[in-house]
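Overview (structure and organization)
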Amino acid sequence: MTKTGWLILAGALGVATAQTQLRTLKGVVIQEPAGLGEYVQDRKALVALGKILFWDMQTGSDGMTACATCHFHAGADHRPQNQISDTSATFRVNLDLSGVAFPLRALSDSGNKNSAALRDSSMRIGSMGTFRRIFDGIVPGQAAELGHDELDKPEFVHGGLQVRRVTSRNTPSIFNTVFYGRGFWDGRAARNFNGFTVSGLAAEAPGVLVSVDGVLERRPVNLDPANLASQGVGPILDHLEMSYAGRTWPLLARKMLNLAPLGLQRVSPTDSVLGDMARADGPGLVDEATYLSLIQKAFHSKFWESPETVEEFTQVEHNFPLFWGLAMHAYQATLNSDDSPFDRFNEGDNGALTAQQQEGLRLFQTTGDCIECHNGPEFSAAAMNPNRGTRAHAFDRTGVRPAAEDIGAGNATFKSISLRNVEFTGPYFHNGGQATLEQVLDFYRRAGDFSPVANDLRPFSISNAQRDSMVAFLKALSDDRVRYERAPFDHPELCVPVGHLENEPDVLAPGDSVEFPTSAAEKYRLIPAVGSSGNMVPLRTFEEMLAGIGANGERAHSLAEHCSPGGSAARQVGLR
Ligand code: HEC
Ligand code: HEC
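These numbers come from a predicted model, not from an experiment.

For the iron atom of ligand 2, the full set of protein donor atoms is His-374 (NE2) and Tyr-444 (OH), and the range of their distances to it is 1.9 to 2.0 Å. Here the iron atom of ligand 2 binds 6 donor atoms, and the angle range of 85 to 179° at the metal identifies the geometry as octahedral. Of this pair, His-374 sits in the loop between α9 (355-365) and β13 (395-396) while Tyr-444 sits in helix α10 (residues 437-445), and the two are 70 residues apart along the sequence.

For His-491, the location among the structural elements is in the loop between α12 (480-483) and β15 (494-500). Looking at His-491, its side chain comes within polar contact range of the side chain of Glu-485, at 2.8 Å. Filtering out sequence-adjacent residues up to four positions away, His-491 remains in contact with Lys-51, Trp-55, Asp-271, Glu-485, Ile-527, Pro-528, Ala-529, Val-530 and His-557.

Further remarks concern the site of ligand 1. Ligand 1 sits among 30 residues. The nearest are Cys-67, Cys-70, His-71, Phe-184 and Lys-415. A distance of 3.2 Å is found between a nitrogen atom of ligand 1 and a side-chain nitrogen or oxygen belonging to Gln-231. Interatomic distance of 2.7 Å between a side-chain N/O atom of Lys-415 and an oxygen atom of ligand 1. Listing elements by their share of the shell around ligand 1, those giving two or more residues are α3 (227-232) and α7 (320-332). Looking at the shell around ligand 1 residue by residue, the class counts come to 15 nonpolar, 11 polar and 4 charged.

Our focus in this paragraph is the domain arrangement of the protein chain. When cut into domains, the protein chain gives domain 1 (3-27 + 350-478) and domain 2 (31-101 + 120-337). Centre-to-centre separation of domain 1 and domain 2, based on C-alpha positions: 30 Å. At the interface, 30 residues of domain 1 touch 32 residues of domain 2. Summing both partners gives a buried area of about 2700 Å² for domain 1 against domain 2, and 51% of it is carried by carbon and sulfur.

Another point: the site of ligand 2. In the vicinity of ligand 2, 26 residues are found, and the nearest of them are Cys-370, Cys-373, His-374, His-430 and Tyr-444. In the environment of ligand 2, a nitrogen atom lies 2.8 Å from a nitrogen or oxygen atom belonging to the side chain of His-374. A distance of 2.8 Å is found between an oxygen atom of ligand 2 and a backbone nitrogen or oxygen belonging to Phe-429. For the shell around ligand 2, the elements supplying multiple residues, two or more each, are β14 (414-415) and α10. Here the residues of the shell around ligand 2 sort into 16 nonpolar, 6 polar and 4 charged.

Per the stated rule, a full pass over the model turns up 1 disulfide. There is a disulfide in this structure between Cys-495 and Cys-563, and the S-S distance comes to 2.1 Å. Across the disulfide from Cys-495 to Cys-563, rotation about the S-S bond amounts to roughly 95°, and the bridge is consequently right-handed. With Cys-495 in strand β15 and Cys-563 in the loop between α13 (542-547) and α14 (568-572), this residue pair connects regions lying 68 residues apart in the sequence.

For the rest of this paragraph, the subject is the packing of helix α4 (residues 249-257) against α7. α7 packs onto α4 with a crossing angle of 70° between their chain directions and a minimal axis gap of 9 Å. Of the possible angle classes, the one that applies to α4 and α7 is roughly perpendicular. In contact with Trp-249, Leu-252, Ala-253 and Met-256 of α4, α7 contributes Phe-320, Pro-321 and Trp-324. For the contact of α4 with α7, a count of residues per class yields 7 nonpolar, no polar and no charged.

For the rest of this paragraph, the subject is the packing of aromatic side chains. Applying the stated criterion to the full structure yields 19 aromatic pairs. Here Phe-379 and Phe-473 contribute two aromatic rings whose centre-to-centre distance is 6.3 Å and whose plane-to-plane angle is 45°, an arrangement assigned as tilted. One end of the pair, Phe-379, is in the loop between α9 and β13; the other, Phe-473, is in helix α11 (residues 464-475), and 94 residues separate them in sequence. Each residue in the set Phe-342, Phe-364, Phe-379 and Phe-473 is aromatic and connected to the rest through ring pairs, giving one cluster. Directly above the ring of Phe-516 sits Arg-133, whose terminal nitrogen or CZ lies 3.5 Å from the centroid.

Moving on, we get to the nonpolar core. Membership of the largest hydrophobic core comes to 79 residues, with the highest contact counts inside it found for Tyr-39, Phe-299, Phe-320, Trp-324, Leu-326 and Leu-494. If you list the elements that add at least two residues to this core, you get α2 (43-55), β9 (208-212), α4, α5 (291-298), α7, β15 and β18 (522-527). Apart from residues no more than four positions distant in its own chain, Leu-326 is found in contact with Leu-36, Tyr-39, Val-40, Leu-46, Phe-193, Leu-223, Ala-229 and Phe-299. Formed by 30 residues, the second largest nonpolar core is a distinct cluster that contains Phe-364, Ile-371, Phe-429 and Tyr-444.

So, how was this worked out
Residues numbered from 1 in each chain as written. Chains lettered and ligands numbered in written order. Predicted model: local features only at pLDDT ≥ 70, side-chain atom pairs only at ≥ 80, totals over all residues. Heavy atoms only, no water. Donors = N, O, S within 2.8 Å, 3.2 Å for Na, K, Ca; no water. Tetrahedral: all angles 85-135°; square planar, octahedral: opposite > 155°, others 65-115°. Helix = DSSP H or I, 4+ residues; strand = E, 2+ residues; numbered from the N terminus. Polar contact = N/O pair within 3.5 Å; in protein donor to acceptor, adjacent residues only side chain to side chain. Contact = heavy atoms within 4.5 Å. Near = heavy atom within 4 Å. Nonpolar A, V, L, I, M, F, W, Y, C, P; charged D, E, K, R; others polar. Domains from an automatic or database assignment. Buried area = accessible area lost by both parts, 1.4 Å probe. Disulfide = S-S within 2.5 Å. Axes fitted to C-alpha atoms, helices over the stretch in contact; angles between N-to-C directions. Parallel < 35°, antiparallel > 145°, perpendicular 65-115°, else oblique. Phe/Tyr/Trp six-rings, centres within 6.5 Å; stacked < 30°, edge-to-face > 60°. Lys NZ or Arg CZ within 6 Å of the ring centre and 35° of its normal. Core = buried A, V, L, I, M, F, W, Y, C linked by side-chain atoms within 4.5 Å. Buried < 20%, exposed > 50% of the residue type's maximum accessible area, 1.4 Å probe, protein only.

As structure tokens, then:
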């Protein structure tokens, strides 16, 4: 069908409005938080600060966990081991995902949700964060903080040893998230940023310290729309994701201000944002690029110039959550993939989609009625309209799991998440319960999994060939710059934990750390630095990882190269 043909068809169904019509993401305005100029004097420097902090492993309490540790792969995570959590049942700790049967709920007739269940599991495929440890302080100049093990969560303890704790939801991609009104699967990250917490409520925030004629004053912060700033201040102090329990913002600030940015990680000299600052002969950035200088460049002086200390902390240390949140927002706001085959087709290149993909697009809009919830240029009803209004079906109930396991945004509703680059973001849904897009489509054609619990889906009937066309269309939402990690999706090196060592099956090996005697021994793999022209080979999909495809170097992020998080081995590994 021609482009004009499907537009008319969508219109004829009466579903498409200017806001909800599928169309290219190119040219969609990225709304800057109103009043940002009050704080920020150099937006480019802010993006650089955000990219550095997002990728810097030193930000985590253990000195080796960055935001990127769970968002390094097309903005998501496809690590293979110790990625399971389950609060309602026992599970095999540290299991390799290749040993997990997908979909997690399997039916004797995949087209009928009332058919007998062959298996059903409440486990979630999440992302591992930190060990459960209590914060005891920082040592200036050292990335690893002081702390001690605490064995309080049986979920992540096995044979007296603890593993890294795992999130109770699957990690979504951070790409194209600036368009959302609210962040997270349940929308709990507010659209307005209060400078301090996720919720946006002014009552929860102390405000920012402003220097007025040499005197420090506290002023409230309220920036909108800024869901990525609100979201960004969450994980960094969360003691499952990045932090030992009890760490505080000013101490995190003091630690970071005394460290070399990205001091353990190589940066490509052709990095689209950091290339000019990259150190040629080792990890990190040139000497002039300190955290303080980056903050001073990005923000107006009244937010950092005071020599005064308040309760033993400097103005910069106090204002660190504001700097952090706005930097995260600015960096992630650059990560938009608006050049997929679908975008090109919509712009008039009729050859950009194959005939099969065009058929998939038609089914996506008609029989499947996917556009009820995955609509607009973002392929998500949770995106803001230009007037910042919300769309119907932003959060919806699709019956992925019973409400008792996770109520999401209430009543088991979850974000109608964007489908851009979905090829690379498996496993799917908030529980990570489906490994392939074919499995996702089987789920939709039987109108979800949980019945008779009401959900907002209607069953539909398609042949397997039609299902394959829809999958082919979903893959036309991948941007090649994401597939090959080209600018702006290029990034510094990262050494990621990929699970724990076992002496024999199901017996964890103890680590050799004196400070943390009950932490299990770990394995680490390298995600190499990549510059603006990207990798030679495409990213490995989750499905390929399960099938062992690409270990021979034909896929990027095959997690074959070892590294050591302390940096010594990371330093020895050459740049690609
Ligand atoms: C331990 C793994 C982990 C780390 C570390 C982590 N995240 Fe996430 N991230 C997740 C998971 C899991 C979710 C989904 C949680 C939810 O919705 O309840 C998420 C959600 C998000 C979202 C929301 C996407 C959406 O669709 O709304 C953004 C943005 C994000 N993270 C950015 C960050 C930033 C910035 C940092 C560092 C400050 C960070 N993440 C650190 C695992 C992680
Ligand atoms: C009634 C609203 C609604 C409709 C209709 C709908 N979706 Fe969804 N979609 C959602 C919601 C909500 C989620 C997240 C559900 C969860 O994880 O619990 C989702 C998640 C997904 C995901 C997983 C993305 C990821 O990164 O994990 C895919 C893929 C997807 N939908 C494809 C489709 C396709 C294809 C159709 C049409 C056959 C469709 N959806 C129809 C609301 C909808």
